[in-house]
Amino acid sequence: EVQLVVSGGGLVQAGGSLRLSCAASGFTFDNYYIGWFRQAPGKEREGVSCISFSDGTIHEAVDSMKGRFTISVDNAKNTVYLQMNSLKPEDTAVYYCAARRSFCSYYATDFDSWGQGTQVTVSS
């Protein structure tokens with residue numbers, strides 16, 4: 001059974017940092033990709049970043065997050081991270097990781113397996 005366990009959320013002041021973790025298990029990591037998504041109240045689920053487990057190739061975050069959010073993978077731990085710096089109140093959302101095969105995507109419907117999500121709240 002595919003499992004993605006997310007951790008690292010919390011409350012942080014604007015300008016602060018958090019690192020989210022997505023620990024994966026239950027499937028082969030050959031040709032798998034892990035994406036980070038977020039969803040604010042009343043908003044659509046938004047793609048943040050994506051990375052290949054096989055070679056670490058990264059798809060950059062959208063403009064509002066470039067230079068602040070960094071995705072990385074530790075293959076030995078089967079864990080993908082999202083380092084979030086210079087956080088802004090508009091970054092407040094539930095953050096999810098998800099897995100799919102073949103390629104990265106920023107569309108939530110393209111992903112088959114999902115973690116439970118973790119709340120990130122940024123105060124002004």
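For the structure, see preceding data.
What you see is a predicted model; the values in this text were computed from it and never measured.

### Thoughts on the environment of Ser-7
The residue Ser-7 is located in strand β1 (residues 3-7) in this model. Separated by 12 residues in sequence, Ser-7 and Arg-19 place their C-alpha atoms 8.7 Å apart. Non-local contacts of Ser-7, meaning those with residues more than four positions away in its chain, are made with Arg-19, Leu-20 and Ser-21.

### Let's talk about the nonpolar core
One finds Ile-34, Trp-36, Leu-82, Met-84 and Tyr-95 to be the most contacted residues of the largest nonpolar core, which totals 28 residues. For this core, the secondary structure elements donating two or more residues are β1, β3 (18-25), β4 (32-39), β5 (46-52), β7 (69-74), β8 (79-84), β9 (93-101) and β11 (118-123). Setting aside anything within four residues of it in sequence, one finds Leu-82 in contact with Leu-18, Arg-19, Leu-20, Trp-36, Val-48, Phe-69, Thr-70, Ile-71 and Tyr-95. Of all hydrophobic cores here, the second largest spans 7 residues; its members include Cys-50, Ala-98, Cys-104 and Phe-111.

### Examining the pairing of β9
Burial of β9 is extensive: 7 of the 9 residues sit out of reach of the surface. Pairing of β4 with β9, which is carried by 8 bridges, proceeds in the antiparallel orientation. Within β9, the residue paired with Trp-36 across the bridge is Cys-97. One ladder, built from 3 bridges, connects β9 with β11; its direction is antiparallel. Bridge pairing links Val-94 to Gln-119 in β11. Pairing analysis gives 2 bridges linking β9 to strand β10 (residues 113-114), with the strands arranged antiparallel. Its bridge partner lying in β10, Ala-98 is registered against Trp-114.

What counts as what
- Residues numbered from 1 in each chain as written.
- Predicted model: local features only at pLDDT ≥ 70, side-chain atom pairs only at ≥ 80, totals over all residues.
- Heavy atoms only, no water.
- Helix = DSSP H or I, 4+ residues; strand = E, 2+ residues; numbered from the N terminus.
- Contact = heavy atoms within 4.5 Å.
- Core = buried A, V, L, I, M, F, W, Y, C linked by side-chain atoms within 4.5 Å.
- Buried < 20%, exposed > 50% of the residue type's maximum accessible area, 1.4 Å probe, protein only.
- Pairing = 2+ DSSP bridges.

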